[in-house]
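One letter stands for each residue in the lines below.
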Amino acid sequence: MANPLRSYLESLLPEALRHLESMVRVNSWTLNKAGVDQVGDITARLFAPLGFAAERVPSANPAYGDHLVLTRRGRSDAALIMVSHLDTVFSPEEESRNRFHWLPEGDRIYGPGTHDIKGGTMLLWMTLMGLARHAPDTFDAVTWRLCFNSSEEVLSADFGDVVRSRAGTSPLAVLVFEAEGRAGETRRMVVARKGRGTWRLTVRGRGAHAGVAPGRGANAIAQLAITLQRVHALADPSRDLSVNIGFVRGGSGLNRVPEVAVAEGEFRAFSPEVWSDALDRLAALAGPGEVRSTSDGFATSVEFELMARSDPWPRNAGSDALMEAWKDAGAKAGMVLEPEARGGVSDGNLLWNLCPTLDGLGPSGDNDHCSERSADGSKLPEYVSASSFVPKAELNVAAIRSWIDQAGPTGKSPWNSKGS
């Protein structure tokens, strides 16, 4: 039996891939403001024929590009918020060094952002094109807000404020177009994510000549080594708490007792309680150190700084309800879906408690944040599977129609404003 929606989406795919190529060929490393803004311009032009008006919002950090908000008003003020981002993690130098660019090979298309997340933006476009053509009443029923973060890869918190200030009084859902997970033929949608905190420990000691008067010194590196053992011991797999020491520096010469040493790292947890407990334990490491000078007892000191935070997105009733809508739509199309709690952070962490939130609405692929390729195939760069676009767009169209139908003609969300 013919499937008009599927046929229409299949006819759209070549155009979608041409648009995707135009985005991927623009370097949009987070710190390349001009490139990020160029991708924002391409994105605004892409959605304009569907009736979306563009608003560019300067980032809190002027080194980053502008956030982009596209709005199409419907019969109801109830908003359905769709989220993607404009930036990638690859600098122009890295792309050039690894010859990493748009490269189709069979079903795979390699290139920076093909999977994370320019491919997600194109799947968003295909989804809305499908709704506009095959469910025009649904498409016109609600207000659509498409929100594109200019600096998601560095976890800029101001994007959450941008979205919340434009969500209105009755947002129906936040749909995040990061890539889906896969377990064989099972599609995995994201209903929870770990929170992440980045930290810095600074140890201050006292310098001295390492040969003439070592006893006058208080070795900052020695104290940092002791403290980092305690940091490492905080990790607790039984509570899904991970702690990583990612960077260490200290000292300025082999003939000097080092007076300063610094370490930086991160910690992650799904549970807000576990995350907060880990933060408290890390902060408690600050204070006088054990390492002292032998000449007069001068003590090292440990300072703690929380550099950035993205709070956990815990499992909740609103996200689970959205998941059920996608599972039901998938079952009717012969697809198997399951929920996933993912360790990486996304914009969903900023928005899950605004209204029901679901992540993983993008296409399939692999090797996010990787640009290297080896001749033996043991290292492959980021890629997206071209064949994943049409079925996922079809799934999204069906599930979104179902969710909007639940809201009814008044556009009232059946869930409260906290997503639970």
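Residues numbered from 1 in each chain as written. Predicted model: local features only at pLDDT ≥ 70, side-chain atom pairs only at ≥ 80, totals over all residues. Heavy atoms only, no water.

## Description of empty space enclosed by the protein
Selection criterion: Lining residues are those with an atom within 4 Å of a point, where the points come from a 1 Å grid over the protein atoms alone and group into cavities, where a 1.4 Å probe fits but cannot get out, or pockets, open sets with protein on both sides within 12 Å along at least five of seven lines. Grid points are joined across faces, edges and corners, and a volume is the space filled by probe spheres set on the points. Residues are grouped as follows: Ala, Val, Leu, Ile, Met, Phe, Trp, Tyr, Cys and Pro are nonpolar; Asp, Glu, Lys and Arg are charged; all remaining types, including Gly, are polar.
By the definition in use, this model includes one cavity of 30 Å³ or more. There is about 50 Å³ of room inside the largest cavity. Considering only residue class, the lining of the largest cavity consists of three nonpolar, three polar and two charged.

## Observations regarding the packing of helix α1 (residues 4-24) against helix α4 (residues 118-134)
Counted only if it meets this: Between N-to-C directions, angles cover 0 to 180 degrees, with each direction set by a line fitted to C-alpha atoms, over the stretch in contact for helices. Secondary structure elements are taken from DSSP: a helix is a run of H or I of four residues or more, a strand is a run of E of two residues or more, and numbering for both begins at the N terminus. Crossing handedness is read from the near helix: turned anticlockwise from the far helix by less than a right angle, it gives a left-handed crossing, and turned clockwise, a right-handed one. Residue contacts are counted whenever heavy atoms from the two residues lie within 4.5 Å of one another.
Viewed as axis vectors pointing N to C, α1 and α4 meet at an angle of 145 degrees, and their least axial separation amounts to 9 Å. Seen along the crossing, α1 lies across α4 with a hand that is right-handed. Across the interface between the two elements, Pro-4, Leu-5, Tyr-8, Leu-9, Leu-12, Leu-13, Glu-15, Ala-16, His-19, Leu-20, Met-23 and Val-24 from α1 touch Lys-118, Gly-119, Thr-121, Met-122, Trp-125, Met-126, Met-129, Gly-130, Arg-133 and His-134 from α4. For the contact of α1 with α4, the per-class residue count stands at 14 nonpolar, five polar and three charged.

## Brief notes about the pattern of salt bridges
The condition that has to hold: For salt bridges, the criterion is a side-chain nitrogen of Lys or Arg within 4 Å of an Asp or Glu carboxyl oxygen. Relative accessible area decides the class of each residue, using a 1.4 Å probe on protein chains only: under 20% of the type maximum gives buried, over 50% gives exposed, and in between gives partly exposed.
This structure, assessed with the given rule, holds 28 salt bridges. For Asp-277, the salt bridge goes to Arg-239, with nearest N and O atoms at 3.3 Å. Of the two residues, Asp-277 sits in helix α8 (residues 272-283) while Arg-239 sits in the loop between α7 (220-233) and β12 (242-250), which places them 38 residues apart along the sequence. Here Arg-239 falls in the partly exposed class, since its relative accessible area comes to 31%. Salt bridges linked by common partners bring Glu-180, Arg-182, Arg-187 and Lys-392 together as one network.

## Comments concerning the layout of surface pockets
Taken as a whole, the largest pocket spans an internal volume of roughly 520 Å³. In this structure, the largest pocket is lined by 25 residues; those nearest its centre are Asp-116, Glu-153, Gly-344, Val-345 and His-369. Listing elements by their share of the lining of the largest pocket, those giving two or more residues are β8 (181-183) and β10 (195-204). Each residue belonging to the lining of the largest pocket can be placed in one class, and the counts come to five nonpolar, nine polar and eleven charged. Considering only enclosed or pocket space, the second largest pocket measures out at about 310 Å³ in volume. Ala-329, Lys-332, Glu-394, Val-397 and Ala-398 are, among the 13 residues lining the second largest pocket, the residues nearest its centre. Elements with a contribution of two residues or more to the lining of the second largest pocket: α9 (317-332) and α11 (389-407). With five residues, α11 is the single largest residue contributor to the lining of the second largest pocket. A per-class count over the lining of the second largest pocket returns six nonpolar, three polar and four charged.

## Describing the state of the cysteines
As a reminder, the rule being used: Cysteine sulfurs are considered disulfide-paired once they come within 2.5 Å of each other.
Tallying each qualifying case throughout the model produces zero disulfides. A disulfide-free cysteine, Cys-147 has its sulfur positioned 11 Å from the sulfur of Cys-355, the nearest such atom. Taking relative accessible area as the criterion, Cys-147 reaches 1% and is therefore assigned buried.

## Considerations on the confidence of the model for the chain
To keep it simple, the criterion reads: The score called pLDDT rates the predictor's confidence residue by residue, from a low of 0 to a high of 100.
Mean pLDDT over the chain works out to 95, with 97% of the residues at or above the 70 mark. With pLDDT under 50 throughout, residues 416-420 is counted as low confidence; its partners more than four residues away or in other chains account for 17 contacts.

## Some words on the environment of Leu-172
Mapped onto the elements, Leu-172 comes out in the loop between α6 (158-164) and β7 (173-176). Exposure remark for Leu-172: the relative accessible area of 1% places this residue in the buried category.

## A word on the pairing of β7
Definition in use: Criterion used throughout: strands pair if DSSP finds at least two bridges between them.
Of the two faces of β7, the one holding Ala-173 and Leu-175 and the one holding Val-174 and Val-176 are both buried throughout. Here four bridges tie strand β3 (residues 79-85) to β7, and the two strands are oriented parallel to one another. Looking at β7, one finds that Ile-81 is bridged to Val-174. The pairing of β7 with strand β18 (residues 357-359) spans three bridges and is parallel.

## Points about the sheet that holds strand β20 (residues 383-385)
The strands that make up a sheet are held in pairs by hydrogen bonds between backbone atoms, and each pair lies either parallel or antiparallel. Read from one edge to the other, the open sheet built from four strands follows the order β4-β5-β20-β19, with strand pairing classed as antiparallel. The open sheet terminates on both sides in strands that have one partner only, identified here as β4 (103-105) and β19 (365-366). With two bridges joining them, β19 and β20 adopt antiparallel strand pairing. Residue pairing in the sheet places Asp-366 in a bridge with Tyr-383 of β20.

## A look at α1
The criterion, for reference: Helices are assigned an expected span. That span is 1.5 Å times one less than the residue count. Bend is the name given here to the angle between axes fitted to two runs of seven residues, the run ending at a residue and the run starting at it. In protein, a polar contact means a hydrogen-donor-capable atom and an acceptor-capable atom, both N or O and within 3.5 Å, with residues adjacent in sequence counting only if both atoms are side-chain atoms; elsewhere, any N or O pair within 3.5 Å suffices.
For α1, spanning 21 residues, the distance from its first C-alpha to its last is 30 Å, which sits close to the expected 30 Å at 1.5 Å a residue. Along α1, the sharpest kink reaches roughly 35 degrees, centred on Leu-13 and followed within four residues by the proline Pro-14. The complete set of buried residues in α1 reads Leu-5, Tyr-8, Leu-9, Leu-12, Leu-13, Ala-16, Leu-17, Leu-20, Met-23 and Val-24. Packed against the buried residues of α1 are α2 (33-47), β5 (108-110), α4, β20 and α11. Where α1 begins, the capping side chain belongs to Asn-3, and its oxygen is found 3.1 Å from the backbone nitrogen of Leu-5.

## A look at the pairing of strand β2 (residues 67-72)
Within β2, six of the six residues are buried, which leaves the element mostly enclosed by the surrounding structure. Side-chain alternation along β2 places His-67, Val-69 and Thr-71 on one buried face and Leu-68, Leu-70 and Arg-72 on a second face that is also buried. Sheet topology places β2 next to strand β6 (residues 143-149); five bridges connect them, and they run antiparallel. Counted as the bridge partner of Leu-70 is Leu-146 from β6.

## Some points on the packing of aromatic side chains
Selection rule: Ring pairs shown here join Phe, Tyr and Trp side chains whose ring centres sit within 6.5 Å, with only the six-membered ring taken for Trp; geometry is labelled stacked below 30 degrees between planes, edge-to-face above 60, and tilted in between.
In total, this model carries six aromatic pairs according to the counting rule given. Ring centres 6.1 Å apart and planes at 45 degrees place the aromatic pair Phe-47 and Phe-148 in the tilted group. In this pair, Phe-47 is assigned in helix α2 and Phe-148 in strand β6, connecting sequence segments 101 residues apart. In this structure, Phe-47 and Phe-148 share a single accessibility class: buried.

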